[in-house]
Amino acid sequence: MHEHDVVVVGAGGAGLRAAIAAQEEGADVAIVSKLHPVRSHTGAAEGGINAALRDADSWEDHAYDTMKGSDYLGDAPAVEALCKESPEEVIQLEHWGMPFSREEDGRVSQRPFGGLSFPRTTYAGAETGHQMLHTMYEQVVKRGITVYDEWHVMDLVVTDEDDPADRTCHGVVAYDIQRGEVDGFRATGGVILATGGMGQVFDHTTNAVANTGDGVAMAYRAGVPMEDMEFIQFHPTTLPSTGVLISEGVRGEGGILYNEKGERFMFEHGYANNDGELASRDVVSRAELTEVNEGRGIEDEYVHLDMRHLGEERILDRLENILHLAEDFEGADGLTEPMPVKPGQHYAMGGIETNEHGETVIEGLYAAGECACASVHGANRLGGNALPELIVFGKRAGHHAAGKEMGEAEIPTGRTGDWEPAEYEFEVDVGAVGDRGPAAADGGAVAADAEGLLEAEIERARERVEDLLSRKGRNHAEIRSAVQETMTANVNVFREEEGLKQSLEDLREAREAYTEVAVSDPSRTFNTDLIHTMETRNILDIAEALAMGALARREFRGAHWRKERQERDDENWLKHTLVSWNDGEPELWYKPAILEGEAKTYEPKVRSY
Ligand SMILES: Cc1cc2nc3c(=O)[nH]c(=O)nc-3n(C[C@H](O)[C@H](O)[C@H](O)COP(=O)(O)OP(=O)(O)OC[C@H]3O[C@@H](n4cnc5c(N)ncnc54)[C@H](O)[C@@H]3O)c2cc1C
């Protein structure tokens with residue numbers, strides 16, 4: 001068993017920043033990651049990082065844009081922390097050597113991004129995430145922070161008191177992918193989950209195959225609610241055949257969207273008369289699909305994104321990476337022809353419920369980055385707001401876990417304050433199949449001491465691996481495909497009651513099939529069949545919570561469109577959705593959004609661009 005003060009699970013932007021912050025506070029930190037740090041998906045981020053750096057800009061304007069973008073479901077203390085602290089974090093990255101793109105006068109360049117009232121997106125060509133990841137990994141190496149890479153964390157080690165608010169997290173159990181062994185990591189100070197996105201719940205996604213939402217599912221099974229899971233961002237410009245992203249930076253630089261008739265539909269069909277292509281992502285995605293559904297799409301599937309008019313010099317300077325992606329994956333030469341694009345799953349606004357310090361309801365358990373929901377993005381994230389979230393909230397979680405005094409948080413976690421139970425009755429069974437109770441909780445048991453608890457959990461995890469390897473049964477791949485297909489068909493950009501109910505039925509079948517899952521590859525080293533099988537369980541838990549939240553929310557807010565009620569309903573729905581696992585029985589409840597900030601109260605307004 002390994003022991004450290006702080007154990008960070010995940011080595012993307014959030015995990016690396018959290019580890020550096022904890023180390024700055026004097027903690028002995030370790031990072032445990034299923035991928036080598038620089039293979040983390042942060043490296044795929046292209047467009048940039050929002051930060052109010054110029055005199056003519058302000059964090060207050062950034063906060064206003066973020067809250068409007070969130071369709072008033074962001075929590076003001078988190079939104080304001082993001083906007084206030086992102087400038088100093090960007091400057092910190094620059095001091096660590098991140099090679100930002102620059103103007104002639106030497107200042108860091110900034111470009112416009114969707115939904116922003118000021119061009120405040122800083123970038124490093126079209127490879128911002130790659131540069132950010134490498135810059136922070138250099139710091140991790142320089143500081144001698146221990147990294148255990150190619151360790152797949154299977155579960156959290158958490159005590160099992162009835163009320164999650166009384167539980168404590170003592171560490172994690174993980175599978176060493178290289179050696180095929182299970183071991184434990186005890187964390188005396190705290191565990192920080194920074195496990196990234198969950199795009200593999202869908203089959204057309206910009207996310208990597210490793211983005212299976214493991215941390216969210218682990219925290220959920222240990223008793224932390226998942227928050228606002230129904231709010232999934234579908235990015236308007238992904239390549240049709242693969243889901244590979246074409247950055248919003250293309251539209252930020254002046255790229256134009258056309259339908260089959262050659263119409264600039266964002267203006268000509270009145271979707272966003274002021275901002276056109278640079279409206280918020282949810283608006284542009286719906287516009288594209290409406291064009292396709294009304295017969296104005298190309299090959300009944302996609303629209304065109306044209307950047308030819310920007311000229312070769314500017315494209316090569318600022319968007320060179322995009323040329324390679326379009327050429328390699330679609331055979332399109334962006335210099336001489338438009339690129340085919342359509343909406344694809346891109347980002348999860350929801351995730352592990354935390355406050356603005358990254359704390360969850362369980363003592364000693366934190367979350368930061370895309371797996372967490374503080375909530376900064378509410379019902380829709382603005383492009384360029386995820387990377388600052390990683391560094392601002394990664395740093396905050398790292399500091400807190402290492403014992404830094406940070407004052408009382410304003411955002412409540414767990415069932416405190418004005419929470420209310422959901423009234424919705426699901427027609428289909430949800431949650432664990434078969435016996436419920438402590439065995440379904442996967443959250444551990446109450447043991448005499450932390451070490452005893454860890455030993456018990458390591459043993460349980462070993463038995464699980466041996467069982468998966470020795471039994472005969474169904475392959476995970478067919479179950480995973482069934483989940484992805486139903487989620488893409490029924491819980492996509494446009495959602496309606498019938499389809500959402502269908503998705504829950506299909507997910508039930510998939511859950512039942514998973515009780516018979518087995519691993520056919522017996523190898524002990526680099527057994528990807530085994531890892532994917534464990535990940536598929538996580539995908540199932542997440543997909544179900546997502547579909548439950550989407551079915552119960554009968555309104556149209558941000559990325560969540562409902563056929564039955566095509567308008568925002570602030571009277572009934574200005575609230576966050578939460579799903580708690582409750583020893584195998586998912587329970588839906590709500591808590592109000594916090595709109596009172598330090599700068600102002602963000603009164604909900606009609607959201608137009
Ligand atoms: C193609 C693309 C482009 C984007 N462009 C931008 C942009 O320009 N600007 C912007 O603001 N946002 C952008 N985003 C969003 C943003 O990049 C992501 O939200 C962010 O990088 C996620 O960072 P993270 O640290 O939370 O997770 P990741 O970078 O995905 O890292 C997750 C880490 O967790 C580890 N992990 C996961 N599960 C386990 C497990 N079970 N055990 C051990 N380790 C585990 C992984 O190994 C990995 O190290 C983009 C997203 C995509 C997909």
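The following paragraphs examine the structure supplied in this document.

What counts as what
- Residues numbered from 1 in each chain as written.
- Predicted model: local features only at pLDDT ≥ 70, side-chain atom pairs only at ≥ 80, totals over all residues.
- Heavy atoms only, no water.
- Helix = DSSP H or I, 4+ residues; strand = E, 2+ residues; numbered from the N terminus.
- Buried < 20%, exposed > 50% of the residue type's maximum accessible area, 1.4 Å probe, protein only.
- Polar contact = N/O pair within 3.5 Å; in protein donor to acceptor, adjacent residues only side chain to side chain.
- Pairing = 2+ DSSP bridges.
- Axes fitted to C-alpha atoms, helices over the stretch in contact; angles between N-to-C directions.
- Parallel < 35°, antiparallel > 145°, perpendicular 65-115°, else oblique.
- Contact = heavy atoms within 4.5 Å.
- Nonpolar A, V, L, I, M, F, W, Y, C, P; charged D, E, K, R; others polar.
- Salt bridge = Lys/Arg side-chain N within 4 Å of Asp/Glu carboxyl O.
- Near = heavy atom within 4 Å.
- Areas by Shrake-Rupley, 256 points an atom, 1.4 Å probe, with all protein chains shown as cover.
- Left-handed = near helix turned anticlockwise from the far one by under 90°.

What follows concerns unusual backbone geometry. Residues Ala-374 and Ser-375 are joined by a peptide bond in cis, for which omega reads 10°. Residue placement: Ser-375 occurs in the loop between β17 (372-373) and α11 (386-401). Phi is positive for Tyr-72, which is not a glycine, with a value near 65°. Mapped onto the elements, Tyr-72 comes out in the loop between α2 (59-69) and α3 (76-95). At Asp-228, a position not held by glycine, the phi torsion is positive, near 50°. A relative accessible area of 0% means that Asp-228 is categorised as buried.

With respect to the secondary-structure elements, Asn-385 resides in the loop between β17 and α11. Taking relative accessible area as the criterion, Asn-385 reaches 0% and is therefore assigned buried. One polar contact links Asn-385 to His-62, side chain to side chain, over a distance of 2.9 Å.

Further remarks concern the sheet that holds strand β18 (residues 420-421). Sheet architecture is open: 6 strands sit in the order β17-β15-β10-β21-β22-β18, paired in mixed fashion. What marks the edges here is a single partner per strand, and that holds for β17 and β18. Pairing of β18 with strand β22 (residues 587-592), which is carried by 2 bridges, proceeds in the antiparallel orientation. Across the sheet, Pro-421 pairs through a bridge with Trp-589, a residue of β22.

On to the packing of α3 against α11. The axes of two packed helices give the description: the angle between them and the distance between them. Direction vectors running N to C along α3 and α11 enclose 95°, while the axes themselves pass 8 Å from each other. With respect to α11, the element α3 is oriented roughly perpendicular. From α3, Ala-78, Ala-81, Leu-82, Glu-85, Ser-86, Glu-88, Glu-89 and Leu-93 reach across to α11, where they touch Pro-388, Glu-389, Ile-391, Val-392, Phe-393, Lys-395 and Arg-396. Residues belonging to the contact of α3 with α11 are distributed by class as follows: 8 nonpolar, 1 polar and 6 charged.

As paired elements, strand β21 (residues 575-580) and β22 share 6 bridges and run antiparallel to each other. Bridged to His-576 within β22 is Lys-591. Connecting β21 to the next strand, β22, in antiparallel fashion are 6 residues, including Asn-582 with a positive phi near 45°.

Burial runs high along α2: 8 of the 11 residues are buried. Listed in full, the buried residues belonging to α2 are Trp-59, His-62, Ala-63, Asp-65, Thr-66, Met-67, Lys-68 and Gly-69. Considering only its buried residues, α2 is in contact with β3 (49-50) and α3. Note on α2: the residue one or two positions beyond its end, Asp-71, has a positive phi of about 55°.

Bringing the pattern of salt bridges into the picture now. This model, assessed by the stated rule, comprises 60 salt bridges. With its nearest N and O atoms 3.1 Å apart, the salt bridge here joins Arg-318 to Glu-253. Of this pair, Arg-318 sits in helix α9 (residues 312-318) while Glu-253 is found in the loop between α6 (249-252) and β12 (256-258), placing the two residues 65 residues apart along the sequence. According to the relative accessible area criterion, Arg-318 is partly exposed, its value standing at 22%. The shortest N-O distance in the salt bridge between Glu-516 and Arg-474 comes to 3.8 Å. Separated by 42 residues along the polypeptide, Glu-516 in the loop between α15 (497-514) and α16 (528-552) and Arg-474 in the loop between α13 (450-470) and α14 (476-490) bring together distant segments of the chain. Of the residues examined, Glu-516 reaches a relative accessible area of 42% and is grouped as partly exposed.

Another aspect to go through is the site of the ligand. Surrounding the ligand, one finds 39 residues, the nearest of these being Ser-40, Thr-42, Gly-47, Asp-214 and Glu-370. Take Ala-11: an N or O atom from its main chain is 2.8 Å from an oxygen atom of the ligand. In the model, a nitrogen atom of the ligand is placed 2.8 Å from a nitrogen or oxygen of the Val-153 main chain. With the chains in place, 97% of the 1,000 Å² that the ligand exposes on its own is no longer accessible. Of all the secondary structure elements, the ones that give two or more residues to the shell around the ligand are α1 (13-24), β2 (29-33), β7 (151-158), α5 (214-222), β14 (339-348) and α11.

Mapped onto the fold, Ala-22 is located in helix α1. With relative accessibility at 0%, the residue Ala-22 sits in the buried group. In the structure, Ala-22 is positioned 375 residues away from Ala-397 in sequence and 8.2 Å away in space, judged by C-alpha atoms. Apart from the residues within four sequence positions on either side, Ala-22 is in contact with Val-6, Ala-27, Val-29, Gly-398, His-399 and Ala-402.

Counting through the fold element by element, Leu-93 comes out in helix α3. Look past the residues within four positions of Leu-93 in its chain and what remains in contact with it is Ile-49, Met-98, Phe-100, Met-132, Thr-135, Met-136 and Ile-391.

What follows concerns the packing of α1 against helix α4 (residues 128-142). Two elements in contact, α1 and α4, have axes separated by 10 Å at closest approach and are oriented at 30°. Comparing the axis directions of α1 and α4 gives the class roughly parallel. Of the two possible hands of crossing, α1 and α4 adopt the one that is left-handed. Packed against α1, whose contacting residues are Gly-13, Leu-16, Arg-17 and Ile-20, the element α4 presents Leu-133, Met-136, Tyr-137, Gln-139 and Val-140 at the interface. A breakdown of the residues in the contact of α1 with α4 according to their chemical character gives 6 nonpolar, 2 polar and 1 charged.

A separate point is the sheet that holds strand β13 (residues 303-306). Spatial strand order, β11-β14-β13-β12: 4 strands in an open sheet with antiparallel pairing. The open sheet is flanked by β11 (232-238) and β12, the only strands paired with a single partner. For this sheet the average axis-to-axis angle between neighbouring strands, irrespective of direction, equals 45°. In this sheet, β14 lies alongside β13 in antiparallel orientation, the contact comprising 3 bridges. The residue of β14 that forms the bridge with His-304 is Pro-340.

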